[in-house]
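Chain by chain, the residues run as shown.
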Amino acid sequence: MYVIIEKETLAPKITRFVVQAPLIAKKRKAGNFVIVRATETGERIPLTIVDSDPVKGTITLIIQAIGKTTHLINNLNTDDSFIDVAGPLGEPTPIENVGKTVCIGGGVGTAVIYPIARALKSAGNRVTSIVGARSKELVILEKEMAETSDELIVTTDDGSYGVKGFVTDSLNKIITSDNCPQAVYAIGPLPMMRAVAEVTRPHGIRTYVSLNPLMMDGTGMCGACRVTVGGEMKFACVDGPEFDAHQIAFDELIARNNTYRDLEKTALDACARELDEAREVPHG
Ligand code: NAD
Ligand code: FES
């Protein structure tokens, strides 16, 4: 059983869990993910491993409650357990010393970029990080990203904190300055990653993004996570999750990810009703 050792709310609907998983903690590298199941009949969802402590045998996961399963997970507490945590899965991020790098985390994607920024810094790169969120209350891991970066820029869409605007506005400024990077790593919502790719493409800057399409088995067998990269079909779970952003068919991926939106909303509404009813039942 994968016992929850710590639980912390980082922002509205965004929760950090430290989970006992000693074998995964020993083997994981930056960029790896796990597939978790909260209950026996529950859906399997992929989550990037944000951090690990091989001595304590724990891994850190950060989860945004957006669908039924993620809401159920965020209702788990310390001493509760996940039924399954399978991993580490996926190809680790290729980490080299390329010189100047920019790491971009959009919203909860900051949790995924953090281990990559740390690995790039340890490999001797200059790391400029951009952390973007819709508003101040949704900025996460600011302290951790500051500690691991040579420079940190925080942006908010509404200007309630840091620089007003999208992460791509700040990226544009860096690219046209003396600090133009050799590589950009960006993780966040798909429209953000597509926009980053379009900013770096004309400058020929190597750009990597991490994709989180629907996943089931996580072993390359079911085909649920297929994406088109460079005109070829790839499976995000075994060939990725990181890919060259300039080669990804983003429109196709966005359309595929929207396929189950209505069903997901129905399931989420039903789940919210069940949770509300459970809260109203007096315990005795
Ligand atoms: P969000 O919608 O609040 O966006 C975060 C930031 O991204 C914004 O503040 C802005 O700076 C930037 N951004 C968004 N749209 C943009 C655009 N069109 N152009 C330029 N910049 C843009 O983010 P959120 O609500 O935290 O994101 C949730 C999404 O991130 C979910 O859809 C989730 O699936 C995805 N996600 C992806 C990964 C991954 O591995 N790729 C990991 C975690 C979450
Ligand atoms: Fe099944 Fe990737 S999740 S092939």
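The notes below deal with the structure included here. Model, not experiment: these values are computed from the prediction.

## Some points on the sheet that holds strand β1 (residues 2-11)
Then, in step 1: Spatial strand order, β5-β6-β2-β1-β7: five strands in an open sheet with antiparallel pairing. Each end of this open sheet is capped by a strand with a single partner; those strands are β5 (51-53) and β7 (81-82).
Then, in step 2: Here three bridges tie β5 to strand β6 (residues 58-64), and the two strands are oriented antiparallel to one another. Within β6, the residue paired with Asp-53 across the bridge is Thr-58.

## What about the site of ligand 1?
Then, in step 1: As a matter of local geometry, ligand 1 sits amid 21 residues, with Val-108, Arg-134, Asp-157, Val-167 and Ser-210 nearest to it.
Then, in step 2: The backbone of Val-167 places a nitrogen or oxygen atom 3.1 Å from an oxygen atom of ligand 1.
Then, in step 3: Between an oxygen atom of ligand 1 and a side-chain N or O atom of Asn-212, the distance comes to 3.3 Å.
Then, in step 4: In the complex, 79% of the free accessible area of ligand 1, which totals 860 Å², lies under the protein chains.
Then, in step 5: Taken together, the elements giving at least two residues each to the shell around ligand 1 come down to β10 (126-133), α5 (167-175) and α6 (190-200).
Then, in step 6: Per element, the largest residue contribution to the shell around ligand 1 is four residues, and it comes from α6.

## Let's talk about the packing of α6 against helix α8 (residues 250-257)
Then, in step 1: In the contact formed by α6 and α8, the axes pass within 10 Å of each other and the chain directions differ by 180°. As judged from the angle between their axes, α6 and α8 are roughly antiparallel. Every residue of α8 that contacts α6 at Leu-190, Met-193, Arg-194 and Ala-197 is listed here: Phe-250, Asp-251, Leu-253, Ile-254 and Asn-257.
Then, in step 2: The residue makeup of the contact of α6 with α8, split by class, is six nonpolar, one polar and two charged.

What counts and what doesn't
Residues numbered from 1 in each chain as written. Chains lettered and ligands numbered in written order. Predicted model: local features only at pLDDT ≥ 70, side-chain atom pairs only at ≥ 80, totals over all residues. Heavy atoms only, no water. Pairing = 2+ DSSP bridges. Helix = DSSP H or I, 4+ residues; strand = E, 2+ residues; numbered from the N terminus. Near = heavy atom within 4 Å. Polar contact = N/O pair within 3.5 Å; in protein donor to acceptor, adjacent residues only side chain to side chain. Areas by Shrake-Rupley, 256 points an atom, 1.4 Å probe, with all protein chains shown as cover. Axes fitted to C-alpha atoms, helices over the stretch in contact; angles between N-to-C directions. Parallel < 35°, antiparallel > 145°, perpendicular 65-115°, else oblique. Contact = heavy atoms within 4.5 Å. Nonpolar A, V, L, I, M, F, W, Y, C, P; charged D, E, K, R; others polar.

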